[in-house]
Amino acid sequence: MANNTWTQPQRQPAKALIYVFYKTLLTVLKVFAPLLISLLFKDTKKQQNIWEYTAMLIPVLALIAAVVRYRFFKFFINDKQQLVVQRGLFNRRQIILPLEKVQAVNVQQQWLHRLANLSELTFDSPGSTGQEAKITLTTPQANALKQYILAVKNTGYVATNQTVQQPEIKTNRLYDLDPVSLMKLGLTANHIETFFIVLAFGYSLLQNIRTASSDYYDKSVNLLSSYAVYNSVLGVLIIALVVIAVSVIISFIRTVLQYANFSIASVGNRFQIRTGLINTKEVLVPFSKVQYISWRANWLRTKAKMYLLQFHSIGQLQMKEKQKVKVPLTRFEYLPQMLEHYHPLLSNDTPAVKVHPAYVTRKYILVILPLLLVILTVAYFNAFFYWALVLLVYNAVSIYLFRQKFALRFNEQALYIQRGSFGNDELILLWHKIQSVSINQSIYQRKNGLATIHINTAGGGISIPYVTLATANKIVNFALYKTETQAWQ
Amino acid sequence: MPFSNLAIDIDSLPKQEEVPLHPVSKKFKAVQWWNWSILWIIVAALFTGFLFLPKVNYTTTTIVFISCGLLLLAIIHRATQELSFRFRAFALREQDIIYQQGWLIRKKEICPLSRVQHCSVNASIIERKYGLATLELFTAGSNGADIAIRGLTTQQAAMLKEVIIQKTGNGE
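Bear in mind the structure is a predicted one, so any value in this text is a computation, not a measurement. (Residues numbered from 1 in each chain as written. Chains lettered and ligands numbered in written order. Predicted model: local features only at pLDDT ≥ 70, side-chain atom pairs only at ≥ 80, totals over all residues.)

Before we go on, may I ask you to explain the overall build of chain B in this structure?
When you go through chain B residue by residue, the secondary structure sums to 4 helices and 7 strands. For chain B, the sequential pattern of α-helices and β-strands runs β-α-α-β-β-β-β-α-β-β-α. Here the C-alpha atoms of chain B give a radius of gyration of 21 Å, more than 25% beyond the 16 Å that 2.2 N^0.38 yields for 172 residues. The principal-axis extent of the C-alpha atoms belonging to chain B is close to 70 × 40 × 30 Å. Each of the 172 residues in chain B was classed as buried or not, and the buried ones make up 23%. By sequence separation, contacts in chain B at least 24 residues apart represent 51% of the contacts at least 6 residues apart. (Helix = DSSP H or I, 4+ residues; strand = E, 2+ residues; numbered from the N terminus. Rg over C-alpha atoms; globule rule 2.2 N^0.38 Å. Buried ≥ 20, exposed ≤ 12 C-beta atoms within 10 Å, placed from the backbone. Contact = placed C-beta atoms within 7 Å.)

Mind showing me how you'd approach the overall build of chain A here?
When helices and strands are tallied, chain A shows 15 helices and 19 strands. Across chain A, contacts joining residues at least 24 apart in sequence account for 58% of those joining residues at least 6 apart.

Hey, could you run me through the sheet that holds strand S17 (residues 434-442) of chain A in this one?
Backbone hydrogen bonds hold the strands of a sheet together, and the pairing may be parallel or antiparallel. Strand order in the open sheet formed by 7 strands is S19(A)-S18(A)-S17(A)-S4(B)-S3(B)-S2(B)-S1(B), and the pairing between neighbours is antiparallel. Each end of this open sheet is capped by a strand with a single partner; those strands are strand S19 (460-468) of chain A together with strand S1 (22-23) of chain B. Relative to S19 of chain A, strand S18 (residues 450-457) of chain A is paired through 7 bridges, and the arrangement is antiparallel. Of the residues in S19 of chain A, the one forming a bridge with Ala 451 of chain A is Val 467 of chain A. (Pairing = 2+ DSSP bridges.)

So what exactly am I meant to see when it comes to helix H12 (residues 358-381) of chain A here?
One turn of the α-helix equals 3.6 residues, which is why residues spaced by three or four share an orientation. Given a rise of 1.5 Å per residue, 24 residues ought to cover 34 Å, and the 34 Å separating the end C-alpha atoms of H12 of chain A matches this to within 8%. At Tyr 364 of chain A, H12 of chain A shows its maximal kink, close to 40°. (Expected span 1.5 Å × (residues − 1). Bend = angle between axes of the 7 residues up to and from the residue.)

Mind showing me how you'd approach the pairing of strand S14 (residues 407-410) of chain A here?
Consecutive side chains along a regular strand alternate between the two faces of the sheet. Residue and element names in this part refer to chain A. Where S14 and strand S15 (residues 414-419) come together, 4 bridges link them in antiparallel fashion. When the bridges of S15 are listed, Leu 408 appears paired with Ile 417. Linking S14 back to S15 in an antiparallel pair, the connection comprises 3 residues.

Sorry, what's going on with the nonpolar core here?
In a soluble, globular protein the nonpolar side chains are often hidden away together inside. By size, the foremost hydrophobic cluster in this structure holds 96 residues, and its most contacted members are Ala 414, Ile 453, Val 467 and Val 476 of chain A together with Leu 135 of chain B. Looking at which domains feed residues into this core, each of domain 1 (16-167) and domain 2 (168-291) of chain A supplies at least three. Setting aside anything within four residues of it in sequence, one finds Leu 135 of chain B in contact with Cys 119, Val 121, Ile 149, Leu 152, Ala 157, Leu 160 and Lys 161 of chain B. (Core = buried A, V, L, I, M, F, W, Y, C linked by C-beta atoms within 7 Å. Domains from an automatic or database assignment.)

Can you walk me through the packing of helix H1 (residues 28-51) of chain B against helix H2 (residues 60-85) of chain B in this structure?
Two quantities define a packed helix pair, namely the angle between the helix axes and the distance between the axes. Residue and element names in this part refer to chain B. Contact geometry of H1 with H2 gives a least axis separation of 11 Å together with a crossing angle of 165°. When the axis of H1 is compared with that of H2, the two are roughly antiparallel. H1 and H2 meet at a crossing whose hand is right-handed. In this structure, H1 uses Lys 29, Gln 32, Trp 36, Trp 40, Val 43, Phe 47 and Leu 51 to contact H2, whose residues at the interface are Ile 63, Leu 70, Ala 74, His 77, Arg 78, Gln 81 and Phe 85. By residue class, the composition of the contact of H1 with H2 is 9 nonpolar, 3 polar and 2 charged. (Axes fitted to C-alpha atoms, helices over the stretch in contact; angles between N-to-C directions. Parallel < 35°, antiparallel > 145°, perpendicular 65-115°, else oblique. Left-handed = near helix turned anticlockwise from the far one by under 90°. Nonpolar A, V, L, I, M, F, W, Y, C, P; charged D, E, K, R; others polar.)

Just checking my understanding: could you explain the interface of chain A and chain B for this structure?
At the junction of the two partners, chain A supplies 37 residues and chain B supplies 32 residues. Of all the secondary-structure elements, those providing two or more residues to the side of chain A that touches chain B are S14, S17, helix H14 (443-447), S18, S19 and helix H15 (469-485) of chain A. A per-element tally of the side of chain A that touches chain B places H15 of chain A first, with 10 residues. Looking at the side of chain A that touches chain B, its residues break down into 16 nonpolar, 16 polar and 5 charged.

I tried to follow the sheet that holds strand S6 (residues 132-139) of chain B on my own but got confused; where do I start?
Residues and elements named next belong to chain B. Read across the open sheet, the 3 strands follow the order S5-S6-S7; overall the sheet is antiparallel. Two strands in the sheet have a free side with no partner beyond their single neighbour: strand S5 (116-122) and strand S7 (147-153). Here the strands of the sheet are splayed against their neighbours by 20° on average, with no regard to which way each runs. Examined bridge by bridge, S6 and S7 share 5 bridges and lie antiparallel to one another. Of the residues in S7, the one forming a bridge with Leu 132 is Thr 153. On top of the sheet, helix H4 (residues 154-168) reaches S5, S6 and S7; it is set at about 160° to S5, its chief contact.

I would appreciate a short explanation of the confidence of the model for chain A in the present structure.
Interpretation of this model should avoid reading the predicted coordinates in detail wherever pLDDT is low. Looking at chain A as a whole, its pLDDT mean stands at 82, while 86% of the residues score no less than 70. Note that residues 158-166 of chain A has pLDDT below 50 and, in this model, 13 contacts with residues that lie over four places away or in other chains. (pLDDT = per-residue confidence, 0-100.)

What is the right way to read unusual backbone geometry from this model?
Outside of glycine, negative phi angles account for most residues, and trans bonds account for most peptide bonds. Residue and element names in this part refer to chain A. With a phi angle near 60°, Gln 81 is a residue other than glycine that sits in the positive phi range. Within the secondary structure, Gln 81 is located in the loop between strand S1 (74-77) and strand S2 (82-87). Here Gln 81 falls in the partly exposed class, since 15 other C-beta atoms lie within 10 Å of it. The residue Tyr 466 is not glycine, and still its phi comes out positive at about 50°. As for its position among the elements, Tyr 466 is in strand S19.

I tried to follow the pairing of strand S3 (residues 93-98) of chain A on my own but got confused; where do I start?
All names here are of chain A. Here S2 pairs with S3 via 6 bridges, running antiparallel. Along S3, the bridge assignment pairs Arg 87 with Arg 93. The antiparallel hairpin formed by S2 and S3 contains 5 residues in its connecting segment, where Gly 88 sits at a positive phi of about 100°.

When you look at the confidence of the model for chain B in this model, what are you seeing that I'm missing?
Residue and element names in this part refer to chain B. Per-chain confidence: chain B averages 87 in pLDDT, with 91% of residues scoring 70 or above. Ranking the elements of chain B by mean pLDDT puts S5 last with 85 and S1 first with 94. Both scores are given for the predicted complex: the pTM is 0.77, the ipTM 0.87.

Would you mind going over the environment of Arg 296 of chain A with me for this structure?
All names here are of chain A. Position of Arg 296 relative to the elements: it lies in strand S11 (residues 290-297). What makes Arg 296 partly exposed here is the crowd of 18 C-beta atoms within 10 Å. Distance in space between the C-alpha atoms of Arg 296 and Asp 425 is 4.1 Å, their sequence separation being 129 residues.

Please clarify how the environment of Gln 418 of chain A should be interpreted in this entry.
Residue and element names in this part refer to chain A. Residue position: Gln 418 is located in strand S15. We classify Gln 418 as partly exposed; it has 16 C-beta atoms within 10 Å. Distance in space between the C-alpha atoms of Gln 418 and Arg 296 is 9.6 Å, their sequence separation being 122 residues.

It is not clear to me how the packing of H12 of chain A against helix H13 (residues 388-405) of chain A should be interpreted in this structure. Could you clarify?
Residues and elements named next belong to chain A. Direction vectors running N to C along H12 and H13 enclose 175°, while the axes themselves pass 10 Å from each other. One way to sum up the angle between H12 and H13 is to call them roughly antiparallel. Only Ala 388, Leu 389, Leu 392, Asn 395, Ala 396, Ile 399, Tyr 400 and Arg 403 of H13 make contact with H12, whose side of the interface consists of Tyr 359, Val 360, Lys 363, Tyr 364, Ile 368, Leu 371, Leu 372 and Ile 375. In terms of residue class, the contact of H12 with H13 is made up of 13 nonpolar, 1 polar and 2 charged.

And the structure:
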């Protein structure tokens, strides 16, 4: 369905209105969430009518906003081969994205998109412009526009007759994620993180109820505390177990939704990654745009020998963590395939640069000790805060383990860092992808001949803490030699 | 040290640590004074204004206490400015530019000229008054990667910019 002239200013297809409405409704709901919660829990018979009418207004407002957004959203490709997106009624805004700057075109489908056979296009480009220019199209249109843009990028120019000639592209399917691995991935997700999210969510819900109605708040708190504090240790245990179970289930579902149907292939000179059960994503990562590659595993996953790998490429810095696509490595044998177009793994045989022991003592004196004093002071007034000591111990152990695990190795082409505290976090960086370096020294480090190196790349920063100044100088001199004798793109 | 497997002898590479750094212009001290004064006059004005807000009703002891705290912060700020001035220095090599600053944490940034995307020379009103300028270098790196060299004389800044544009072909 490439019968579309992209050079004409045009609206999104009428079907896209559904999605625009859905998104607007979500935004409006988020803004009015406290109000809605207060409606649910409010003391009855008080000013009931006014509030209910207000609540009814919300979808109407959202609909009007959606239609306005839809009507005033236009996009086209101008004769300078720039993608132009115009939008807004009061604040007319025009986004111009030169196609040559587009690093990758991503196709995403949320569940609503899939129902309506729509796709959302986003673009990776240096700066944030690419992320802002989001276009919702029917799936065939989206694919056509994507092909068109990629063709323009490859050839520099496409004739106006719209039939885009696809050059022969070699597709090499690398692997799909099988259901068993998916289950394992879900079970080994970061449950602790989810636990805190659940806790924070529960707390904010409770606060919202409190603002709405102190009656309900008191009731819910009494209900919770009647189980927990007054009854027995068993009550506390049950609540704790329920929260933990909920966390595990939620993080399991989240992971499964994210990585179901995962597949990765090398298509021509780029990786093609597809993932997602309800919200699907397709991301293209050109090999040459990868700045560095990292892979990490939490403690559980190190036991299951599973990693999440990430290609750090240009244009991803502005992305939220959630939007970044990670590759689940369910077997370590997959790693060489991922590194094939970058640099093979460095061997572990050579001696490594390690972090100086002073790293641990300094962190303990400068971070842990002050925090300990703060916690003890606060806990003196409210015994509840003694719980924070658990976090502090966790941090202290993390710092110790980080220094133990950190190892830096390098050869003439690349440097390879192994780090992590409870889990593992490794990365490989080609010297010539470096943008700039800095050597930082605190007063203590200056006195003791130590230094911290910061390396900046177009895909993010890397830091090498507390190495001897002599080593730091050598590493930096070599990095400069490599970056100054080789281009980065 | 894992240097033995390298074909290149690292010790024979140019050493950035041996490059003599030029201190920035002495006039920059005056700029620092001005910046400090303006900042703390604003803080003092805001604090005084805050005290006159209708609902604010502090006792004299509290006011004295907070004022002393602010004064202490101002003195510490001024002291670090003074101490850090001695370390503010830069150097230009054939292939890169080096900029060092900071006393509490001394930071030595090195940016290869081949990685500079564009550069600009800026001067605030105060800097202009003393014939100074700031040279900013932008790379494709993450946010922290951009380098701003402050305290250059206008001529130095223009000269550096010229060299960088010639080396990279990328101007403003």
